[in-house]
Amino acid sequence: MTFDINNIRNDFPILQRKVHNRPFVYFDNAATTQKPLKVIERMDKVYRETNSNIHRGVHYLSDITTNDFEAARETVRNFINARHDHEIIFTPGTTAGINLVAYTLGEKVIRRGDEIIISAIEHHANIVPWQMLCERKKAKLRVIPMNDNGELLLEEYRKLLSPRTRIVAVTHVANSIGTVNPVKQIIEIAHSQGVPVLIDGAQAIQHLRVDVQELDADFYVFSGHKMYGPTGIGVLYGKEGILEEIPPYQTGGEMVDQVSFEKTTFNSLPFKFEAGTPNYIGAIGMGAAMEYLKEKGLDEIAAYEKDLLEYGTRRLSEIEGLYLFGRAKEKIGVLSFVLKGIHPYDAGMIIDKHGIAVRTGNHCAQPIMERFGIGGTVRASLAFYNTRKEIDRLCEAVEKVKEMFS
Ligand code: PLP
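Residues numbered from 1 in each chain as written. Predicted model: local features only at pLDDT ≥ 70, side-chain atom pairs only at ≥ 80, totals over all residues. Heavy atoms only, no water.

A.B. asks: Looking at this model, I keep getting lost on the overall build of the protein chain. Mind explaining?
C.D. replies: Within the protein chain, the regular secondary structure consists of 14 helices and 17 strands. Here the C-alpha radius of gyration of the protein chain, 22 Å, is about what a compact globule of 406 residues would show, namely 22 Å. Expressed as lengths along the three principal axes of its C-alpha atoms, the size of the protein chain is roughly 75 × 55 × 35 Å. A burial count over the protein chain gives 55% of its 406 residues as buried. Accessible surface computed for the protein chain: about 17,600 Å², of which carbon and sulfur atoms make up 50%. Distance between charge centroids for the protein chain: 4 Å, based on 49 positive and 52 negative side chains. (Helix = DSSP H or I, 4+ residues; strand = E, 2+ residues; numbered from the N terminus. Rg over C-alpha atoms; globule rule 2.2 N^0.38 Å. Buried < 20%, exposed > 50% of the residue type's maximum accessible area, 1.4 Å probe, protein only. Areas by Shrake-Rupley, 256 points an atom, 1.4 Å probe, with all protein chains shown as cover. Lys, Arg positive; Asp, Glu negative; His and termini not counted. Charge placed at Lys NZ, Arg CZ, Asp CG, Glu CD.)

Okay, structure coming up:
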């Protein structure tokens, strides 16, 4: 076990800097995470030593970079325990992965009057592509409701499933309030009616052990930048059978087999879904991030984050006039709150002056804010490089906010 918080903090150069003349506290991890040296140096090494476009080259460096890119695919496969390398499609991120499925599977299976089920606690990325698909096809979007704690109502979900349901798409973890959904059960229920399921793993992959075979997910999507890797790269995992069946999404070079002016045949998996030059340096960087997380220990990270969440929940709950949203029994380190009589934006601005980065607003989850009857929250989202001392500093800053508005 190599989990030592001081060592871990030293792995992240940005955490050593100051903001507004104070030691920097970064609590905006659900928006994007900071990068360890291992990732920065791995990508730097490619740019300095081996950069060449992949797959098509016969020359030395192209061969090295191609091998590194495909090794990253294997790292991802291993990380989420997919059965095959070719079930790992590199995408620009979660949003791109969901759009890919909406435009391929969606276009293929959805007909007028069909239904797609999402949930009340989705990020806009897992709402809008399905809503647009429904508009195109004159289909209906159904929404699994939640209780006041931010937990989905599975009995209602069972009722929503009908012979017209064609796709279920739900998030593994809610970005706005941290709820961990019982996705294995959600998948099982959908499969009992023969309906495929997409899981949005953007907020889960960096906190939980994800095993796509155990979950039996048909699709699982996530972004590199939210799991300590680079921006502009993500993964769409899909089961081999379903990926074989659905048509390609974007078209062009690399995803083809034979091209003539009369007809084009497509490449095999995974290349059928990777048109154009992929972000190979991003993929290699994301692979390095996964190796780094494994080195630190996924279970150790989860245990440390659980402690931080409990501490943060307790400390913030002690503050008078502060109300925490998202009280699910199963949740990850998201502390989403409002301060009585103070706009989240004002609070966030003042907290920033204390060198602490939090996010304010609706967190790309307007429907859930509406459900709570609020415009937005202040969100402190935790990572394993955060500390209890940083949470104390957040609480001090919140007290200062209250003082200023009293
Ligand atoms: N889904 C969830 C649950 C998210 O939290 C986010 C980003 O915050 C996304 C999807 C979109 O991710 P990206 O912007 O990396 O495509």
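A.B. asks: Would you mind going over the sheet that holds strand β13 (residues 322-325) with me for this structure?
C.D. replies: What links the strands of a sheet is backbone hydrogen bonding, and the strands pair in either a parallel or an antiparallel sense. If you trace the 4 strands from one edge of the open sheet to the other, you get β13-β14-β17-β16, paired in antiparallel fashion. Every interior strand has two partners, whereas the edge strands, β13 and β16 (359-361), have only one. Between one strand and the next, the sheet's axes are offset by a mean angle of 30°, whatever the strand orientation. With 3 bridges joining them, β16 and strand β17 (residues 377-381) adopt antiparallel strand pairing. The residue of β17 that forms the bridge with Gly361 is Thr377. (Pairing = 2+ DSSP bridges. Axes fitted to C-alpha atoms, helices over the stretch in contact; angles between N-to-C directions.)

A.B. asks: Which parts of the structure should I look at to understand the nonpolar core?
C.D. replies: Across soluble globular proteins, nonpolar side chains show a tendency to be buried alongside one another. By size, the foremost hydrophobic cluster in this structure holds 107 residues, and its most contacted members are Ile80, Tyr157, Val168, Phe222 and Phe384. Ranked by residue count, the leading element in this core is helix α10 (residues 280-296), at 10 residues. Mapped onto the domain boundaries, this core takes at least three residues apiece from domain 1 (5-31 + 297-405) and domain 2 (41-294). Filtering out sequence-adjacent residues up to four positions away, Tyr157 remains in contact with Ile117, Ile144, Val168, Ile186, Ile189 and Ala190. Ala102, Ile118, Cys134 and Leu236 belong to the second-largest nonpolar core, a separate cluster that totals 26 residues. (Core = buried A, V, L, I, M, F, W, Y, C linked by side-chain atoms within 4.5 Å. Domains from an automatic or database assignment. Contact = heavy atoms within 4.5 Å.)

A.B. asks: Is there a simple way to think about the site of the ligand in this case?
C.D. replies: Lining the immediate surroundings of the ligand are 13 residues, of which Thr95, Asp200, Gln203, Ser223 and Lys226 lie closest. In this structure, an oxygen atom belonging to the ligand sits 2.6 Å away from a side-chain N or O atom of Thr95. In this structure, an oxygen atom belonging to the ligand sits 2.7 Å away from a side-chain N or O atom of Ser223. (Near = heavy atom within 4 Å. Polar contact = N/O pair within 3.5 Å; in protein donor to acceptor, adjacent residues only side chain to side chain.)

A.B. asks: Honestly, the domain arrangement of the protein chain in this entry has me stumped. Any pointers?
C.D. replies: Quoted interface sizes are often the accessible area lost when the parts come together. As assigned here, the protein chain comprises domain 1 (5-31 + 297-405) and domain 2 (41-294). Between domain 1 and domain 2, the C-alpha centre-to-centre distance is 28 Å. Taken residue by residue, the interface counts 36 residues in domain 1 and 30 residues in domain 2. Counting the surface lost from both domain 1 and domain 2, the interface buries some 2,800 Å², and carbon and sulfur atoms represent 55% of this. Considering only the side of domain 1, the residues that lose the most area to domain 2 are Leu298, Ile332 and Arg371, jointly responsible for 22% of the buried surface there. Where domain 1 meets domain 2, there are 2 salt bridges. In this assembly, domain 1 and domain 2 are joined by 21 residue pairs in polar contact (both at pLDDT 80 or more). With 6 residues, helix α13 (residues 366-372) is the largest single contributor of residues to the side of domain 1 that touches domain 2. (Buried area = accessible area lost by both parts, 1.4 Å probe. Salt bridge = Lys/Arg side-chain N within 4 Å of Asp/Glu carboxyl O.)

A.B. asks: Before we go on, may I ask you to explain the packing of helix α12 (residues 344-353) against helix α14 (residues 388-405) in this structure?
C.D. replies: Helix-helix packing is described using two parameters, namely the angle between the two axes and the distance between the axes. Between α12 and α14, whose axes approach to 9 Å, the crossing angle comes to 125°. Put simply, α12 runs oblique to α14. Considering the relative orientation of α12 and α14, their crossing is right-handed. On α14, the residues that touch Asp346, Ala347, Ile350 and Ile351 of α12 are Leu394, Ala397, Val398, Val401, Met404 and Phe405. (Parallel < 35°, antiparallel > 145°, perpendicular 65-115°, else oblique. Left-handed = near helix turned anticlockwise from the far one by under 90°.)

A.B. asks: Looking at this structure, how should I read the packing of helix α3 (residues 60-80) against α10?
C.D. replies: Contact geometry for α3 and α10: axes closest at 8 Å, N-to-C directions at 45°. Considered as vectors, α3 and α10 are oriented oblique to each other. The element α3 and its partner α10 pack so that their crossing is left-handed. For the pair formed by α3 and α10, the contact residues are Thr65, Asp68, Phe69, Ala72, Thr75, Val76, Asn78 and Phe79 on the first element and Tyr280, Ala283, Ile284, Met286, Gly287, Met290, Glu291, Leu293 and Lys294 on the second. Among the residues making up the contact of α3 with α10, the classes are represented as 10 nonpolar, 4 polar and 3 charged. (Nonpolar A, V, L, I, M, F, W, Y, C, P; charged D, E, K, R; others polar.)

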